[in-house]
Amino acid sequence: MNIYIVYNFILHEVYMNKDNFYGINIRTIDGNLIKMEQFRGDFLLIVNTASKCGLTPQYEGLEALHKKYEEDGFKVLGFPSNDFLKQEPGTEEDIKSFCQLNYNVSFPLFSKINVNGKETHPLYVYLKNNARGFLAKRIKWNFTKFLVDRNGNVIKRYAPSTRPERIENDIRKLLGK
């Protein structure tokens with residue numbers, strides 16, 4: 001059997017299994033290693049972010065959604081990425097400071113990751129395998145968003161240009177509001 005086929009089968013099995021979603025390790029912006037398990041039972045909006053992008057003002061809408069529905073078990077998770085035109089060049093400390101000073105971000109931020117390419121973070125392998133984009137799995141740009149239910153199922157993928165306010169109705173439906 002071709003090694004490539006075996007590798008793809010294993011990747012498919014590992015990253016299509018929602019229980020493996022909760023086993024994925026992620027590093028907080030402060031450097032602490034945690035598992036997605038910490039978010040089991042929460043609705044999530046997972047976003048790849050960048051501080052020097054034309055879409056950066058979306059932080060404001062993301063924070064508003066996080067604040068509005070946090071008590072209902074909804075969280076926005078921000079994953080900075082420098083994959084697109086090097087629009088997230090700073091250190092984790094720089095990113096955290098920028099987000100707090102400019103957008104008063106209180107939702108969880110994580111260490112910079114790759115969302116495309118050979119070094120794609122396992123979280124993004126899982127997300128992309130469970131919700132393809134318009135023409136492909138590849139993340140097109142900063143601020144691509146994934147809505148995940150309380151059980152780790154990817155419900156919907158949103159284009160970078162989709163403003164957070166336009167996602168609110170889907171969030172409300174998931175929350176039964």
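Predicted model only: the values in this text are computed from it and were never measured. (Residues numbered from 1 in each chain as written. Predicted model: local features only at pLDDT ≥ 70, side-chain atom pairs only at ≥ 80, totals over all residues. Heavy atoms only, no water.)

Enquirer: Help me out: how do you make sense of helix 4 (residues 92-103) in this one?
Expert: Along an α-helix, residues three or four apart share an orientation, since each turn contains 3.6 residues. Between the first and last C-alpha of helix 4 there are 16 Å, a value that for 12 residues agrees with the 16 Å anticipated at 1.5 Å per step. Backbone geometry just after helix 4 places Asn104 at a positive phi near 50°. (Helix = DSSP H or I, 4+ residues; strand = E, 2+ residues; numbered from the N terminus. Expected span 1.5 Å × (residues − 1).)

Enquirer: What am I meant to see in the packing of aromatic side chains here?
Expert: Given two aromatic rings, one states the distance between the centres and the angle between the planes to describe the pair. If you walk through the whole model with that rule in mind, you get 12 aromatic pairs. Between Tyr59 and Phe107 the ring centres are 6.4 Å apart and the planes differ by 25°, which places this aromatic pair in the stacked class. Within this pair, whereas Tyr59 is found in helix 3 (residues 58-69), its partner Phe107 is found in the loop between helix 4 and helix 5 (122-130), the two being separated by 48 residues in sequence. Phe107 carries the same exposure label as Tyr59, and that label is buried. (Phe/Tyr/Trp six-rings, centres within 6.5 Å; stacked < 30°, edge-to-face > 60°. Buried < 20%, exposed > 50% of the residue type's maximum accessible area, 1.4 Å probe, protein only.)

Enquirer: Is there a simple way to explain the nonpolar core in this structure?
Expert: One recurring pattern in soluble globular proteins: nonpolar side chains tend to sit buried together. Counting residues in each nonpolar core, the largest one holds 24 residues, and the members touching the most others are Met36, Ile46, Leu123 and Tyr124. In terms of residue count, helix 5 provides more of this core than any other element does, 4 residues in total. Excluding its chain neighbours within four sequence positions, the residues that come into contact with Tyr124 are Ile46, Val47, Asn48, Phe79, Ile113, Val115, Ile139 and Phe146. Counting residues in each nonpolar core, the second largest holds 21 residues, with Leu45, Val47, Leu109 and Leu175 among its members. (Core = buried A, V, L, I, M, F, W, Y, C linked by side-chain atoms within 4.5 Å. Contact = heavy atoms within 4.5 Å.)

Enquirer: Explanation requested: the sheet that holds strand 4 (residues 74-80) in the structure shown.
Expert: Hydrogen bonds between backbone atoms are what pair the strands of a sheet, whose relative direction is either parallel or antiparallel. Pairing in this open sheet of 4 strands is mixed, and the strands run 4-3-5-6 from one edge to the other. A strand with exactly one partner marks an edge of an open sheet, and here the two such strands are strand 4 and strand 6 (154-158). Along the sheet, successive strands turn relative to each other by an average axial angle of 20°, direction set aside. When strand 3 (residues 43-49) meets strand 4, the two strands line up parallel, connected through 7 bridges. In the sheet register, Asn48 faces strand 4, and the bridge partner there is Phe79. Strand contacts of helix 5: strand 3, strand 4, strand 5 (145-148) and strand 6, with the helix running at about 110° to strand 3, the strand carrying the most contacts. (Pairing = 2+ DSSP bridges. Axes fitted to C-alpha atoms, helices over the stretch in contact; angles between N-to-C directions.)

Enquirer: Would you explain the confidence of the model for the protein in this entry?
Expert: Interpretation of this model should avoid reading the predicted coordinates in detail wherever pLDDT is low. When pLDDT is averaged along the protein, the result is 88; 86% of the residues meet or exceed 70. Within the model, pLDDT remains below 50 along residues 1-18, and this stretch shows 18 contacts once partners closer than five positions in the same chain are excluded. (pLDDT = per-residue confidence, 0-100.)

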